[in-house]
Amino acid sequence: MADKTELLSLSAPELEAFVTEVLGESKFRAKQIGQWLVRGAEFSEMTNLSASLRERLSEIAVANPVRIRESFRSKLDETEKFLYELDDGNLIEGVIMRYHYGDTLCVSTQVGCRMGCAFCASTLEGRVRNLSAGEILGQVIAANRNIRREDESRRVHNIVLMGSGEPFDNYDNVVRFLRLVNAPEGLNISLRNISLSTCGLVEKIYAFAKEGLPVTLSLSLHAPNDEIRRKLMPVAQAYAYADVMAACRRYGDVTGRRVVFEYALVKGVNCDMRCADELASRLRGMRAHVNLIPLNDVKERNLAAPSKREAQAFLQRLEQRGISATIRREMGADIDGACGQLRRRYLKERT
Ligand code: SAH
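In what follows, the accompanying structure is described. Position numbers for residues count from 1 along each chain, tracking the sequence in the order it is written. With the structure being a predicted model, the display of local features is reserved for residues of pLDDT at least 70 and the display and counting of side-chain atom pairs for 80 or more, all residues being used for whole-chain, interface and lining totals. Excluded from the side-chain calculations are hydrogens and water; all other atoms, namely the structure's heavy atoms, are used.

### So, the overall build of the chain
Of the regular secondary structure elements, the chain holds 12 helices and 14 strands. C-alpha atoms define the radius of gyration, and 2.2 Å times the number of residues to the power 0.38 defines the globule rule. Here the C-alpha atoms of the chain give a radius of gyration of 21 Å, agreeing with the 20 Å that 2.2 N^0.38 yields for 351 residues. If one aligns the C-alpha atoms of the chain with their principal axes, the spans along those axes are about 70 × 45 × 35 Å. Here's how the labels work: a residue is buried when its accessible area is under 20% of the maximum for its type, exposed when over 50%, partly exposed in between, all with a 1.4 Å probe on protein chains only. Buried residues in the chain amount to 53% of all 351 residues. Of the contacts made within the chain by residues no fewer than 6 positions apart, 66% connect residues no fewer than 24 positions apart. In this text, helices come from DSSP runs of H or I with a minimum length of four residues, and strands from runs of E with a minimum of two, each type numbered from the N-terminal end. For this analysis, residues touch if any pair of their heavy atoms sits within 4.5 Å.

What follows is the structure in structure tokens.
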């Protein structure tokens, strides 16, 4: 089982090579199989293939590495949370949000995470393993299959790599995923509709700028300076604030895309007016947008969100200083919408 070929991780030419060279079948069969794979079919459902070919495929290959084990629908909005199960029994989670501009799916890139951010539930038990490109793509395919069951016209339109895991700690698989999800014979999702969120691994930001993939870079900043950032994010010990900003500026220049800075507002840590002023001065002159996120309380950590009034005051101060900013609307508050919370609850129940 360990040696089975995961077909979803293959590009169209690689799938063709597998089908012609390993199976000794025609190119046409590769095309048929590819069409089934993007719809999330298992081999047994691929009815235009012979029974013997389906049998052989299931012995040596995996069609669908991600299954939705449970889903939870918010009663407050149409947000839906998925708990996915992988072939090795690992659990990951995702969430789909219905916006006026289309369905947006949040995907995970690792099982767990090793970045250790103080406020984040995904990192509490460290990193278990990287996800393959096919396992990241499989989340999109499984979500599509789920939402289409009730409404044929729905499909995942935008993707945010903001689930569990650090995308740049799984760089090659993430880049492969982005090419696969954008392929015309695949899901054909525009790279412009994709955002990648990173805690700021500087060399990887420079490398990513050279990939020719026009995705939006979201940088988890969460602080106006090194001192405060280091309190919240261990990664800030490895990379200085100024170096992270320089990398982001380069990314914006090379791709022509505005960088989004995520800033979780943490009571008593990073949201007074001095912080707003310092943040504004750091971003001045840059084509940037600040996404303020009132902290989702994580019980295990002793950190909380500021009041609505404080958050509003922080936003206004940035705007007065000429910085484009918004407060992120909270969605799915009743279904553990924030990343890592659902999986954690499950792991606890298991033990
Ligand atoms: N590893 C990537 C992506 C993961 S999380 C990164 O660090 O960007 C997506 C965003 O949610 C990040 O900005 C992360 O810092 C933020 N986040 C994590 N836990 C949070 C919490 N409890 N409240 C608010 N934002 C949180």
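Continuing now.
### A look at the side chain of Asn64
Mapping Asn64 onto the fold places it in the loop between strand 2 (61–62) and strand 3 (66–73). Owing to a relative accessible area of 10%, Asn64 belongs among the buried residues under this scheme. Engagement of the side chain of Asn64 in a polar contact is seen with the side chain of Glu42, the distance being 3.5 Å. Excluding its chain neighbours within four sequence positions, the residues that come into contact with Asn64 are Gly40, Ala41, Glu42 and Asp87. We define a polar contact as two N or O atoms separated by no more than 3.5 Å, with the added condition that, inside protein, one atom must be a possible hydrogen donor and the other a possible acceptor, whereas residues neighbouring each other in sequence contribute only through side-chain atom pairs.

### Considerations on the sheet that holds strand 11 (residues 216–220)
Strands sit in the order 3-4-5-6-9-10-11-12-13-14 across an open sheet of 10 strands; the sheet is mixed. Strands at the two margins of the open sheet, each flanked by one partner only, are strand 3 and strand 14 (325–327). In this sheet, neighbouring strand axes are inclined to one another by 25° on average, regardless of whether the strands run parallel or antiparallel. Two strands pair under a simple rule: DSSP has to find at least two bridges between them. Examined bridge by bridge, strand 6 (residues 102–106) and strand 9 (residues 156–161) share 4 bridges and lie parallel to one another. Across the sheet, the residue bridging to Thr104 is Asn158, located in strand 9. Against the sheet, helix 11 (residues 308–320) makes contact with strand 12 (259–265), strand 13 (288–294) and strand 14, and its axis sits at roughly 170° relative to strand 14, the strand it touches most. Only the stretch in contact is used when fitting a helix axis, every axis being a line fitted to C-alpha atoms; angles between N-to-C directions are given from 0 to 180 degrees.

### Observations regarding the packing of helix 4 (residues 133–150) against helix 5 (residues 171–182)
At a minimum axis distance of 8 Å, the contact between helix 4 and helix 5 shows a crossing angle of 45°. Accordingly, the angle class assigned to the pair helix 4 and helix 5 is oblique. Where helix 4 crosses over helix 5, the two elements pack in a sense that is right-handed. Together, Ala133, Ile136, Leu137 and Val140 of helix 4 and Asn173, Val174, Arg176, Phe177, Leu180 and Val181 of helix 5 make up the contact between the two elements. Residues of the contact of helix 4 with helix 5, tallied by class, amount to 8 nonpolar, 1 polar and 1 charged. Put simply, angles under 35 degrees are roughly parallel, angles over 145 are roughly antiparallel, angles from 65 to 115 are roughly perpendicular, and the rest are oblique. Whether a crossing is left-handed or right-handed is set by the direction in which the near helix is turned from the far one by less than a right angle, anticlockwise for left-handed and clockwise for right-handed. Gly is placed with the polar residues, together with every amino acid not listed as nonpolar (Ala, Val, Leu, Ile, Met, Phe, Trp, Tyr, Cys and Pro) or charged (Asp, Glu, Lys and Arg).

### A look at unusual backbone geometry
A positive phi angle, close to 60°, is found at Asn188, a residue other than glycine. In this structure, Asn188 sits in the loop between helix 5 and strand 10 (194–198). Despite not being glycine, His222 shows a phi value in the positive range, around 65°.

### Here we look at the site of the ligand
Put simply, a residue is near a molecule or strand once any heavy atom of it comes within 4 Å of that molecule or strand. Contacts to the ligand come from 17 residues, most closely from Phe119, Ser197, Ser220, His222 and Asn296. A distance of 2.9 Å separates a nitrogen atom of the ligand from a polar backbone atom of Phe119. Between the ligand and Asn296 there is a distance of 2.9 Å, counted from a nitrogen atom to a backbone nitrogen or oxygen. Surface exposure here means Shrake-Rupley accessible area, sampled with a 1.4 Å probe, where a residue is shielded only by the protein chains that are shown. When the ligand is considered free in solution it has 530 Å² of accessible area, and contact with the protein chains removes 92% of it. Classifying every residue of the shell around the ligand gives 8 nonpolar, 7 polar and 2 charged.

### Topic: the state of the cysteines
Note on terminology: disulfide denotes any pair of cysteine sulfur atoms within 2.5 Å. Scanning all chains against the criterion turns up 0 disulfides. For Cys271, which is in no disulfide, the shortest distance to another cysteine sulfur is to Cys275 and amounts to 7.3 Å. The exposure class assigned to Cys271 is buried, which follows from its relative accessible area of 6%.

### Quick notes on the environment of Ala236
Looking at where Ala236 falls in the secondary structure, it is placed in helix 8 (residues 235–238). Given a relative accessible area of 0%, Ala236 falls into the buried group. For the pair Ala236 and Glu16, spaced 220 residues apart in sequence, the C-alpha to C-alpha distance is 44 Å. Once residues within four sequence positions are removed from consideration, Ala236 is found in contact with Arg229 and Arg230.

### A short note on the side chain of His289
Mapped onto the fold, His289 is located in strand 13. Of the polar contacts made by the side chain of His289, one reaches the side chain of Ser324; its length is 2.5 Å. Setting aside residues no more than four positions away along its own chain, His289 makes contact with Arg258, Val259, Val260, Phe261, Ser324, Ala325 and Thr326.

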